[in-house]
Amino acid sequence: MLSGEAEDWWRFASQTLLQEDGYIPWETFKATFPGNYFPRDLKKQKARELLELKQGNMSIGEYAAKFHELMKYWPHYQHNDGEEDLCAQFEHGLRPDIQAAVSVFQLTDLPTLVSKCRIFEANTKGKTVDTRIGSLVRQDRRPPRFSRGPYSSPNQSQVK
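Another aspect to go through is the overall build of the chain. What the chain contains, in helices and strands, is seven helices and two strands. A total of 160 residues make up the chain; the buried ones form 25% of that total. Expressed as a percentage of contacts within the chain between residues at least 6 apart in sequence, the contacts between residues at least 24 apart total 41%. Carbon and sulfur atoms form 52% of the exposed surface of the chain, whose accessible area is close to 12000 Å².

This is the structure in structure tokens:
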């Protein structure tokens, strides 16, 4: 439900918009409403933010979330044919160490690229990513300790 100023706008707009069988088509509403409440200059500002986005101190998860948030404001990337450009833009904003590690694969699928970046980031922090469930798993790089090695000599009391 719309309320306040949006409700007032709707009352006016519903009288002026082209109606089919007494109803305003969803596509007409979607085209009209954002123009009134999300001005063109703000869309352009958000698109620039996407183009200038850098990972900096963000984790891959934080960077990917911000990237996805801004992606919806860049019309070129809202079509399937923009996936390769989307990946190039995502890579462009990565920290140099991660960018160097993943760019050699020339990935053109954004979810795969994000996944590879997460794995690289986790591995450089001494953790591994369990790709079956996508969670971080601690990896201890030290060999397991045994109180007695599997091939240690028997106790002197056992030798006769």
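There's plenty left to go through after this.
Positive phi values are uncommon outside glycine, yet Q106 reaches one of about 50 degrees. With respect to the secondary-structure elements, Q106 resides in the loop between α6 (96-103) and α7 (110-124).

Counting residues in hydrophobic clusters, the biggest one holds 21 residues, and the most contacted among them are F67, F90, L94, L110, L113 and C117. Among the elements of the structure, α4 (60-71), α5 (83-92), α6 and α7 are those that each provide at least two residues to this core. Formed by five residues, the second largest nonpolar core is a distinct cluster that contains W9, A13, L17 and F29.

Let us now look at the pattern of salt bridges. Counted according to the given criterion, the structure contains three salt bridges. Note that E69 and K66 form a salt bridge whose closest N and O atoms lie 3.9 Å from each other. Here K66 and E69 lie together in helix α4, a separation of three residues that amounts to about one turn. K66 gets classed as partly exposed once you look at its relative accessible area, which sits at 28%. The partner of E121 in a salt bridge is R95, and the shortest N-O contact between them spans 3.8 Å. Linking E121 in helix α7 with R95 in the loop between α5 and α6, this pair joins segments that are 26 residues apart in sequence. Exposure remark for R95: the relative accessible area of 25% places this residue in the partly exposed category. Sharing partners across several salt bridges, the network here consists of R95, D97 and E121.

Take a positive patch on the surface next. Judged by side-chain charge, R40, K43, K44 and R48 come together as a positively charged surface patch. Inspection of the secondary structure assignment puts R40 in helix α3 (residues 40-52). Its relative accessible area of 65% is what places R40 among the exposed residues.

Two numbers describe how α4 lies on α5: the axes approach to 11 Å, and their chain directions differ by 135 degrees. Comparing the axis directions of α4 and α5 gives the class oblique. For α4 against α5, the interelement crossing comes out right-handed. Counted together, Y63, A64, F67 and M71 of α4 and L86, Q89 and F90 of α5 form the full contact between these two elements.

About the cut-offs
In every chain, residue numbers begin from 1 and rise along the written sequence. With pLDDT at 70 or above as the cut-off, local features in this predicted model cover only qualifying residues; side-chain atom pairs require 80 or more to be listed or tallied, and sums for whole chains, interfaces and linings still use all residues. Side-chain numbers come from the whole structure's heavy atoms, not from hydrogens or water. Put simply, DSSP H or I for four residues or longer makes a helix, DSSP E for two residues or longer makes a strand, and each gets a number counted from the N terminus. The cut-offs for exposure are 20% and 50% of the maximum accessible area for each residue type, with area from a 1.4 Å probe on protein chains only; residues under the lower value are buried, those over the upper are exposed, and the others partly exposed. Whether two residues are in contact is decided by their heavy atoms: any pair within 4.5 Å suffices. Accessibility throughout is a Shrake-Rupley quantity obtained with a 1.4 Å probe, and a residue counts as covered only by protein chains that appear here. Throughout, nonpolar core names a set of buried Ala, Val, Leu, Ile, Met, Phe, Trp, Tyr and Cys residues whose side chains join them through atoms within 4.5 Å. For this analysis, a salt bridge means a side-chain nitrogen from Lys or Arg found within 4 Å of a carboxyl oxygen belonging to Asp or Glu. Nonpolar side chains (Val, Leu, Ile, Met, Phe, Trp, Tyr) within 5 Å and like charges within 9 Å form the patches, drawn only from residues with over 30% relative accessible area and no salt bridge. Charged-residue counts in this description rest on Lys and Arg as positive and Asp and Glu as negative, His and the chain ends being excluded. Taken as the charge centre is NZ of Lys, CZ of Arg, CG of Asp or CD of Glu, depending on the residue. With axes taken as lines fitted to C-alpha atoms, and helix axes fitted only over the stretch in contact, angles between N-to-C directions fall between 0 and 180 degrees. With respect to orientation, any angle under 35 degrees is reported as roughly parallel, any angle over 145 as roughly antiparallel, any angle of 65 to 115 as roughly perpendicular, and every other angle as oblique. Definitions for this section: a left-handed crossing has its near helix turned counterclockwise from the far helix by less than a right angle. A right-handed crossing has that turn clockwise.

This is a description of form; function is not addressed.
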